[in-house]
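Secondary and tertiary structure notes
Chain by chain, the residues run as shown.
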Amino acid sequence: MSDALKRERRGAVLTLTLNRPTLHNAFDAGLIAELTLALDAAGDDPQIRAVVLAGEGASFSAGADMQWMRGMAAAGEEENRQDALALARLMRTLDELPKPTLARVHGAAFGGGVGLVACCDIAIASTSARFGLTESRLGLLPAVISPYVIEAIGPRQARRWFATGEHFDAETALRIGLVHQLVEPERIDEAVQRQLGLLDKAGPIAAATAKQLVRRVAQGPDRDALDHDNAALIARLRVSAEGQEGLGAFLDKRAPHWVTQD
């Protein structure tokens, strides 16, 4: 267990806080594994009724740690596929956790950070929060998180934000369905506590199984096949010429060769 993830238990609520503030809580293989294990444990704990996901410092999560991505850019396609499957397992574990989950979003939520938000049952964001599915700027795609983001914002919105990689503000995140509520920064903890109070009033089994009902009614696709297909896609993109150029340009702080406008 490292310092990259903080755990705080208050009564029946577990708060998991990404704790890499100097890196805007970007995640690497270690944090992905640690967060997955913490969620698995929470799912098995009958005393926990709700899980809050938060970020320490200025941001919720800026997505992937670029030093980690540098290492993966130098790895082979199979290693990248296994790495992507680990991220897929984290997202699916959060999405299917048999407890209500709540994202407390402030600052930046980019890339995989948006995936974490989309996987939570309830998302409350600060009015100053910023979002972005920026992978296309690196010659990549948000493939692993795509089932959850598309479920949250819909195919039409996803086609725009996946392709452009542009940032969007909290008002846009609310409008397209990524978050449920916006509050002023100083009121975000109050809003989180209000939602936890509402969950506390609900029957524990009913609240915990609500997402299962929604998923069953929605009749989603074969999730195992989807995880493997998406992991294979991102692995191919990471080791492709375009993916290597995009990641290299980002790390070198230059524009990739395909950029034709200032």
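Look above for the structure.
The following refers to the structure shown.

Now for the pairing of strand β1 (residues 5–10). The pairing of β1 with strand β2 (residues 13–18) spans six bridges and is antiparallel. The residue bridging Lys-6 from the neighbouring strand is Thr-17, located in β2. Between β1 and β2, which follow one another and run antiparallel, lie two residues, and Gly-11 among them has a positive phi close to 60°.

Where helix α5 (residues 146–153) contacts helix α6 (residues 155–164), the axes come no closer than 7 Å and their chain directions differ by 125°. When the axis of α5 is compared with that of α6, the two are oblique. By crossing handedness, the relation of α5 to α6 is classed as right-handed. Only Pro-155, Gln-157, Ala-158, Trp-161 and Phe-162 of α6 make contact with α5, whose side of the interface consists of Ser-146, Val-149, Ile-150 and Ile-153.

Bringing the pattern of salt bridges into the picture now. Following the criterion strictly, the structure yields 20 salt bridges and no others. For Arg-92, the salt bridge goes to Asp-224, with nearest N and O atoms at 2.6 Å. Pair noted here: Arg-92 is in helix α3 (residues 77–96) and Asp-224 is in helix α10 (residues 223–239), with a separation of 132 residues, a long-range link. Close ionic contact of Arg-215 with Asp-95 constitutes a salt bridge, the shortest N to O distance being 2.6 Å. In this pair, Arg-215 is assigned in helix α9 (residues 204–218) and Asp-95 in helix α3, connecting sequence segments 120 residues apart. The exposure class assigned to Asp-95 is buried, which follows from its relative accessible area of 7%.

Okay, the sheet that holds strand β9 (residues 181–183) next. Read from one edge to the other, the open sheet built from six strands follows the order β1-β2-β3-β4-β6-β9, with strand pairing classed as mixed. Looking at strand neighbours, the two that pair on one side only are β1 and β9, the edges of this open sheet. Pairs of neighbouring strands in the sheet enclose a mean axial angle of 20°, with direction left out of account. In the sheet, strand β6 (residues 122–126) pairs with β9 via three bridges, with the strands oriented parallel. Counterpart to Ser-126 in the pairing with β9 is Val-183.

Let's shift gears to the nonpolar core. By size, the foremost hydrophobic cluster in this structure holds 67 residues, and its most contacted members are Leu-16, Leu-35, Val-105, Leu-116, Phe-131, Leu-178 and Val-179. It is α3 that contributes the most residues to this core, seven residues altogether. In contact with Phe-131, not counting residues within four places along its chain, are Val-105, Ala-109, Phe-110, Ala-125, Glu-166, His-167, Phe-168, Asp-169, Ala-170, Ala-173, Leu-178 and Val-179. Residues Val-13, Ile-124, Ala-191 and Leu-199 belong to the second largest nonpolar core, which totals 12 residues.

Counted under the stated rule, the structure contains two aromatic pairs. Between Phe-131 and Phe-168, the ring centres sit 5.7 Å apart and the planes meet at 15°, which makes this aromatic pair stacked. One end of the pair, Phe-131, is in strand β7 (residues 130–132); the other, Phe-168, is in strand β8 (residues 167–169), and 37 residues separate them in sequence. Comparing Phe-131 with Phe-168 shows no difference in burial state: the two are buried. Between Trp-161 and Phe-168 the ring centres are 4.6 Å apart and the planes differ by 45°, which places this aromatic pair in the tilted class. For the residue pair Trp-161 and Phe-168, the accessibility class agrees, reading buried in each case. Three or more aromatic residues link up through ring pairs in this structure, and these residues are Phe-131, Trp-161 and Phe-168. Above the plane of the ring of Trp-161 lies Arg-160, whose end atom (NZ or CZ) is 4.1 Å from the centre.

Right, let's get into the environment of Val-217. Structurally, Val-217 can be placed in helix α9. The exposure class assigned to Val-217 is exposed, which follows from its relative accessible area of 60%. As a C-alpha pair, Val-217 and Gly-11 span 206 residues in sequence and 32 Å in three-dimensional space.

Taken together, three strands build an open sheet; the order of strands is β5-β7-β8 and the sheet is mixed. The open sheet terminates on both sides in strands that have one partner only, identified here as β5 (108–110) and β8. With direction set aside, neighbouring strand axes in the sheet form an average angle of 25°. The pairing of β7 with β8 spans three bridges and is classified as antiparallel. Counted as the bridge partner of Arg-130 is Asp-169 from β8. Against the sheet, helix α4 (residues 112–119) touches β5 and β7, its axis set at about 95° to β5.

Criteria and thresholds
Residues numbered from 1 in each chain as written. Predicted model: local features only at pLDDT ≥ 70, side-chain atom pairs only at ≥ 80, totals over all residues. Heavy atoms only, no water. Pairing = 2+ DSSP bridges. Helix = DSSP H or I, 4+ residues; strand = E, 2+ residues; numbered from the N terminus. Axes fitted to C-alpha atoms, helices over the stretch in contact; angles between N-to-C directions. Parallel < 35°, antiparallel > 145°, perpendicular 65-115°, else oblique. Left-handed = near helix turned anticlockwise from the far one by under 90°. Contact = heavy atoms within 4.5 Å. Salt bridge = Lys/Arg side-chain N within 4 Å of Asp/Glu carboxyl O. Buried < 20%, exposed > 50% of the residue type's maximum accessible area, 1.4 Å probe, protein only. Core = buried A, V, L, I, M, F, W, Y, C linked by side-chain atoms within 4.5 Å. Phe/Tyr/Trp six-rings, centres within 6.5 Å; stacked < 30°, edge-to-face > 60°. Lys NZ or Arg CZ within 6 Å of the ring centre and 35° of its normal.

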